[in-house]
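Secondary and tertiary structure notes
Here is what each chain is made of, one letter per residue.
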Amino acid sequence: MASAELRDELICSICLSLYTDPVSLRCGHNFCRSCIVSVLDAQEAGGVYSCPDCRAEYPERPALEKNRKLSNIVECFLSTQPDMEKTRTFCSYCTKSPVPAVKSCLQCENSLCEDHLTVHNRTMDHVLTEPTSSFGNKKCSIHKKVLEYYCSEDDTCLCVSCCLVGKHRGHQVELLDEASEKKKKKLRKYLDKLNPQKAAIQTRIQSLKGKIQEKASEKRKNMNKLFMNIKEQLEIAENKVLSEISRQEIKMESQIDDRIKKMEIKEDELSRKMHHVEEMCRVTDPIRLLQESDITVCSPGDDEDTGGDGGQTNS
């Protein structure tokens, strides 16, 4: 659906603006909450309530159900229309294409663009306000007249009839603009008192954050120191173990070197004997061989000791 067509589906038939807080009647038609409340308030005197669109009648004042889905659709539509998001109120008379309103007339309950405002001001002297689609809260719920005064005794906004003939007759009243300025002054004074409190809280927050960081930093330092000590102790233990291994290695090398030297001497003696025996084996003269006195033939197991422990060493 095109943007313009979608917008047409999201227009309240009473104020001719995009739905604001849309609600539904039992007949299924939707309206801005403030718009339909104003209509129902006006119908209250007759005792018969009806839908402004289909004229369906209700014997009692109908309950208004918030249409959440429609409200979400309006919000999504506005988020895709930046220019429309800034002003949700459009001229009530520019029906062919939406034109942003610059003022709203509380008596007429219409919103006006620049051109229609000029025409309106030529013919009528009505109370104008900033563009709005909610006229119900701008008028007296009893007399249906524009709220122009403020009663400080009852803390409520009044129309001229409330001041003259209503229960507020004789009360101290003032114009809405004057009362609004007074309240703004009070609010500014109150704000001046709140600012130091807010600053104190912010300072306290920063202080607490600083303490957290300080404690965390201190714990990190302590952990680093602890693990450094552990590393040092491990290095010392490692060096001791390696030093002991080196000492035992040197001792074992010394013991084995002595045995190796003795065995090398025996190996040389055996080589000499074997060389002599090999020479005699090559002799062809039997008399010379038999008369050789340097040869001693040993029986198996009678040879000289070759180490006693079979070459094994003690660790």
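Heads up: the structure comes first, above all this text.
Report on the accompanying structure. None of these values were measured; they are calculated from a predicted model. (Residues numbered from 1 in each chain as written. Predicted model: local features only at pLDDT ≥ 70, side-chain atom pairs only at ≥ 80, totals over all residues. Heavy atoms only, no water.)

1. Overview of the sheet that holds strand 7 (residues 110-112)
Pairing is antiparallel across the open sheet formed by three strands, whose spatial order is 7-6-8. Looking at which strands have only one partner, the edges of the open sheet turn out to be strand 7 and strand 8 (128-129). As defined by bridge partners, strand 6 (residues 103-105) adjoins strand 7 across three bridges and the pair is classed as antiparallel. What sits directly across from S104, in strand 7, is S111. (Pairing = 2+ DSSP bridges. Helix = DSSP H or I, 4+ residues; strand = E, 2+ residues; numbered from the N terminus.)

2. Thoughts on the sheet that holds strand 9 (residues 149-151)
Sheet architecture is open: three strands sit in the order 10-9-11, paired in antiparallel fashion. Two strands close off the open sheet at either side, each with one partner strand: strand 10 (156-158) and strand 11 (173-175). Adjacent strand axes in the sheet meet at a mean angle of 35°, parallel and antiparallel pairs treated alike. Alignment of strand 9 against strand 11, held across three bridges, turns out to be antiparallel. Of the residues in strand 11, the one forming a bridge with C151 is V173. On top of the sheet, helix 7 (residues 176-281) reaches strand 9, strand 10 and strand 11; it is set at about 95° to strand 11, its chief contact. (Axes fitted to C-alpha atoms, helices over the stretch in contact; angles between N-to-C directions. Contact = heavy atoms within 4.5 Å.)

3. Quick look at the side chain of S71
Tracing the backbone through its elements, the reader meets S71 in helix 3 (residues 68-79). Contacts of S71, omitting those with residues within four sequence positions, involve P22 and K66.

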